[in-house]
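Reading the structure
Spelled out from the first residue to the last, the chains are:
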Amino acid sequence: MFAASVQVRVPGRDVPIRTTETDRLGYFLVEDLSDGTYVLGVGRLGFVSMDVEVTIRSAARTDVVVRLEAAPIELEGVSVEAARSRERVRFEEEAGITSSELAGRDIKLIPGFAESDPLRAVEVLPGVISTSDFSAAFNVRGGSADQNLILLDGVPIFNPFHLAGFFSVFNADMLSRVELLAGGFPAEFGGRVSSVLDIESDAGTGDWRFNGGVSLLAARLAVGGGAPRAFNEKLGLSTTRWRISGRRSYFDKILKPAFNFPYHLSDLQGVVEAWMQGGSKLTVSGYAGADVVAFTELDEDDFPLKVDWDWGNRVIGANWTGPRPDGGSLEVRTGFSRFNTGLRFPDFDDVVFQSRIDLFSNGIDLESRPARHWTVKTGLKADRLVYRNRFASGGADFAGGANNGWLFGGYAQATWRDQRKWVVEAGVRADRWHPADGGAALELAPRVAVKRFLGAGNNTAVKFAVGRYSQFLHSVRDEELPIGIDIWVLSGRRAPHVVSNQVQAGVEGYLADGWFASVETYARSFDGVVTNNLAENPNDDVDDLLPGDGFSVGVDLFVRKSGPGASGWLAVSLLKAERTFPDFQSGLDPAPDLTYSPIFDRRVDIDLVVRRPLGWGVEGGFRWNLGTGLPYTRAVGSYAYYQPQLAEGGRLELGGAVDDEYAILLGPRNGDRYPTYHRLDISFRKPMRRSWGTLVPYLDVLNVYNRKNVLFYFFEYIQEPSTRSGVSMFPILPSIGIEVAF
Amino acid sequence: MRSGRGLPTFARAAALLLLLAPSACELTEVTIADSEDVLLAEAYVVWAPPAPRAAATVFVHGTLDAEGLLQGLSPDLLIEMIAEGGARSALLEVPAEVCVSGASPETTPGRCYAGALAQSARPGTRVTMELETVDGRSLTGATVIPQDFAIVGPVADGRTCRVPENRLLDVMWTTSPGAWAYPSEASLRGIRRALLPKDPKFELLDDPLVVFGLAISDQDTIVSFPNEYGLFDRFSDDVTTKALIELQDGLQSGISATVTVAAADRNYVNWQRGGNFNPSGLVRVPSLRGDGTGVLGSTVQKTVSIEVGIPTPATPECEGIRFPPV
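What you see is a predicted model, and the numbers here were worked out from it, not measured in a lab.

**Description of helix H6 (residues 266-273) of chain B**
Residue and element names in this part refer to chain B. Burial within H6 is extensive, with eight of its eight residues counted as buried. Turning to H6, its buried residues are Arg 266, Asn 267, Tyr 268, Val 269, Asn 270, Trp 271, Gln 272 and Arg 273. Buried-residue contacts for H6 involve strand E9 (138-144), strand E13 (181-189), strand E16 (256-264) and strand E19 (292-308).

**Regarding the interface of chain B and chain A**
On the side of chain A, 77 residues touch chain B, which itself brings 88 residues to the contact. If you tally residues by element for the side of chain B that touches chain A, the top one is helix H1 (residues 6-23) of chain B, at nine residues. Here the residues of the side of chain B that touches chain A are counted per class, giving 40 nonpolar, 29 polar and 19 charged. Relative to strand E1 (residues 30-31) of chain B, strand E46 (residues 723-728) of chain A runs antiparallel, the two being bridged by two bridges. Each residue of the ladder has a partner; that of Arg 724 of chain A, found in E1 of chain B, is Val 30 of chain B.

**Section: the domain arrangement of chain B**
Domain boundaries in chain B define domain 1 (36-145) and domain 2 (151-263 + 303-308). With centres defined by C-alpha atoms, the gap from domain 1 of chain B to domain 2 of chain B works out at 30 Å.

**Overview of helix H5 (residues 238-247) of chain B**
Buried within H5 of chain B are the following residues: Thr 240, Lys 242, Ala 243, Leu 244, Glu 246 and Leu 247 of chain B. Residues of H5 of chain B that are buried in the fold lie against helix H4 (191-195) and strand E14 (209-216) of chain B.

**What about the sheet that holds strand E13 (residues 195-201) of chain A?**
Residue and element names in this part refer to chain A. The strand order E5-E12-E13-E8-E9 describes an open sheet built from five strands, whose pairing is mixed. Pairing within the sheet leaves two strands with one partner each, and these edge strands are strand E5 (98-103) and strand E9 (155-156). Across six bridges, strand E12 (residues 175-183) lies against E13 in antiparallel orientation. Across the sheet, Leu 181 pairs through a bridge with Val 196, a residue of E13.

**Quick word on the pairing of strand E42 (residues 677-685) of chain A**
Residues and elements named next belong to chain A. On E42, burial follows the alternation: Tyr 677, Arg 679, Asp 681, Ser 683 and Arg 685 on one face are buried, whereas His 678, Leu 680, Ile 682 and Phe 684 on the facing-out side are not. Two strands pair when backbone bridges link them, and strand E35 (residues 618-627) and E42 are joined in this way by nine bridges, in the antiparallel orientation. By the bridge assignment, Gly 627 is partnered in E42 with Tyr 677. As paired elements, E42 and strand E44 (residues 693-702) share four bridges and run antiparallel to each other. In the strand pairing of E44, Phe 684 is matched with Leu 699.

**Remarks on the domain arrangement of chain A**
Assigned domains within chain A: domain 1 (5-56) and domain 2 (81-200). Relative placement of domain 1 of chain A and domain 2 of chain A: their C-alpha centres are 29 Å apart.

**Brief notes about the sheet that holds strand E8 (residues 126-132) of chain B**
Consider a sheet: its strands pair through backbone hydrogen bonds, and that pairing is either parallel or antiparallel. All names here are of chain B. Spatially, the five strands line up as an open sheet ordered E5-E4-E8-E9-E18, and their pairing is antiparallel. Each edge of the sheet is formed by a strand with only one pairing partner; in this case those strands are strand E5 (88-90) and strand E18 (289-290). Bridge count for E8 against E9 is seven bridges, and the pairing is antiparallel. If you follow Glu 132 over to E9, its bridge partner there is Ser 138.

**Digging into the environment of Lys 451 of chain A**
Residue and element names in this part refer to chain A. Secondary-structure assignment places Lys 451 in strand E25 (residues 441-454). Sequence separation between Lys 451 and Asn 260 is 191 residues, and the spatial gap between their C-alpha atoms is 60 Å. Among all residues touching Lys 451, those that are not within four sequence positions of it are Ala 95, Trp 422, Val 423, Ala 461 and Lys 463.

**Thoughts on the environment of Asn 670 of chain A**
Residues and elements named next belong to chain A. In this structure, Asn 670 sits in the loop between strand E40 (662-666) and strand E41 (672-673). Overall, the presence of 20 C-beta atoms within 10 Å leaves Asn 670 in the buried class. For Asn 670 and Asp 601, which are 69 residues apart along the polypeptide, the C-alpha to C-alpha distance reads 10.0 Å. Apart from the residues within four sequence positions on either side, Asn 670 is in contact with Tyr 596, Ser 597, Pro 631, Tyr 632 and Thr 633.

**Points about the confidence of the model for chain B**
All names here are of chain B. A residue-level look at chain B finds 88% of positions with pLDDT of 70 or above and a mean pLDDT of 88. Within the model, the stretch residues 1-17 combines pLDDT values under 50 with 42 contacts to residues more than four positions away or in other chains. Predicted complex, confidence summary: ipTM 0.90, pTM 0.89.

**Quick word on the pairing of strand E15 (residues 218-226) of chain A**
Residue and element names in this part refer to chain A. Side chains Ala 218, Arg 220, Ala 222, Gly 224 and Gly 226 of E15 all project onto a buried face; the interleaved residues Ala 219, Leu 221, Val 223 and Gly 225 project onto a face where none is buried. Both strand E14 (residues 209-215) and E15 contribute to a ladder of six bridges, which runs antiparallel. Its bridge partner lying in E15, Val 214 is registered against Ala 219. Counting the residues between successive antiparallel strands, the hairpin from E14 to E15 contains two residues.

Definitions and limits used
Residues numbered from 1 in each chain as written. Chains lettered and ligands numbered in written order. Predicted model: local features only at pLDDT ≥ 70, side-chain atom pairs only at ≥ 80, totals over all residues. Buried ≥ 20, exposed ≤ 12 C-beta atoms within 10 Å, placed from the backbone. Helix = DSSP H or I, 4+ residues; strand = E, 2+ residues; numbered from the N terminus. Contact = placed C-beta atoms within 7 Å. Nonpolar A, V, L, I, M, F, W, Y, C, P; charged D, E, K, R; others polar. Pairing = 2+ DSSP bridges. Domains from an automatic or database assignment. pLDDT = per-residue confidence, 0-100.

Laid out in structure tokens, this is it:
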């Protein structure tokens, strides 16, 4: 069983002397126990916990098999300490990685936009900032949003957002856990330079289970179960579990009698997990989702321009993991991921507005334990990437590009653990990128991390990690727009690849009474980042992206209290980030370099998250976020906008095609900052148990005290006196919903 | 040219609409200091045969609070265009309406300067501009006039041809090496009357209706007429959008068109397509530097005329006529 917590206790004592977690095959390893008898406590949400007595003799390997029985699941009010154990295992067994984990329950108690959103929940973790209420995209430790690798059951998913970024495609009912790896990645991780967000589907317990819900946004249903015994026996399986869910917004349906609401979204997600008799496991999961904006269905008098716009993801992945006699494992995986968007104008068939990226990913990882204290992991991967973008109208190609390539990667890493005193990791990763259009690139990425445990019980550790990371694709979405869709391009002749050198050091520790605290400092460089060249030469097909570089330094503080009663955490993130690009806005050729603070350079970001039973069975969730102002570029003057005409005398004409009569002059790039951002969100959930299942009505209120956080300022110099107005982000925004489970 | 502003602007506007709908929260308006006085010049050099020389117009204006600045500009403002080889041509102040369509001192604060350039200012050559004010401010910049080109279809430069109604044809020209884009405009006359039987709303349609076409890069030398024109006006007012939908099937009887194609230089394109997104307004990429900002762009322009009707010996049938796609 995957992710079950395993505690080793001395008989008669409650405090564990070792804690670990089963791996993806249900295996666990506890080393360096002296001879004697111990109690193994094994538990997992949804199963009856078991204690097993084990006698250990020196120089002998002791195999223990524990079989857990499924138990009726309690969705709410259960202490889910097992869900924390992954983090604890990483603390004990890995040297450098910075890991933060959110269990499904955490996610549901973090107030969301209409419904729980795993990606919005990630914003409350240390080192993570969001630049807008209107986007679920996030930035980690001074990295761009496109430098976050988002994995759904191990398969990368591009642009996983609905409604142009308002919220993510992930249905919280289908997820077992979300883990953010914010830095210090060992050599096995590749593909992005800033973070890895690992999202795991919940295959359930194998018993029939229904989860449903209705929010102001959508209605959803998840169904789970297991395969019949005869089916398993016929295929040589020990057990098979599956879950499938669907979600759809409903405003277009319920408003149809009154008018055509032009938007809907839909999701379909499923996972099947089959365990073989020999202990290996096969997992197949998939996701398909779409957003559809259909202005063609509107009344012509209301909206004469016919436009259809859709976008969405298709993801499917399979993963087979088998145990090895030495306690290691062999994992083979394959997956396909596609993001596609298209804008169509039925009245003007020369308009092409399309973007698509495909990833076909294959990999194999071998973990072995060749000697005591040593773990060696090696792996290979081969990814095929293809993208095609085209934006054309009236016979003119405004932008676009296409490329494809193979990314071959290999790594070897060794970990040495010495009786919970030291953990040392050393590894190297090699990635070779073969684009069809452009020269091949080879990046060698050495990574070293050291952890030293301190104090009695070894519950505190100092750690240090240094490494090099690379990335071979970019999103060219303008991050200064608060919402939008990622447009992906591959490295090659048109764009460099990103190389990031990173160093981090910190101290972390499990303190008494459920408290955990960590503080980390880091520095990162980013070479090969790109920005759109809005002054590109149309005769030069490789200058539409400008290469640049950047760096970030910061400190992340994290204090968490878990356990019964009030729990939660405080995350304080300090950051200074810069980007340097050629200043195309200067009009000079060549453009001089300009260094500025990127939009995500939030110097201080504080998140306080508390969840607490409130009485009458109500669970309360509270989130307060404070962030110092984000940078923006101020308009310092305005002037009449004249458009040169060719016909009718060839004179200038006031106003352009879009009837803007004024253009603006800008101050220094991102030279000003918006006021401090702060917002309080609360959530109330009331689980009501009935004979047939559980009903959970909930109320979320975003921005409780209606803080007018600035989204944009508008500087207007066309009136006397000149003014600054603007629009705010979310006002106070209550939403209700209901969930059912049986 | 609006090459950078069409689809991106639409996408941005759509994004902002989506974004502002749920927020609907305006911030309190506060008074701020007026902007600085900044001098602006919009200068264009045009080579348009049969005119014997390149001509230049410069419209000098400033930021909106800069009336005082503008009052001090003339008569001591000196604007010179310097052709390759050093031949200087001083521009003279002329009525503002020479530079700006429908200009008046009340609505169009600014001053207009115009003049012919030296004989050596020809396609493919560099022209430098120097502007100095009496108070010592200056602006400078340079442009390379695009190479000459010729319209080769549906009829040669300066000629007229005829096309049956409800047909499409290609406006084609030879390459102007190094041009960044070919903006094109078609002035459609008689369109209001021609479309009125289809919908009374066309009573509100501009006539002549000027529609914009575009070919990007020096190698794209073709625009389909009239269906690919008006590409940025597709997102404008209701009646213009409807008219452009009608143009997808060709011209109606009674419409005549003057089509101008320009080869535009880097500066022209940068200024027209704009730069970074900013919520306060449009941003432009300048090519004049010094104590202010602005553009010195250049174009080579050619024109043909197209009429709907039966060919005659004087006005032959246009080349490349085809039916619209079904």
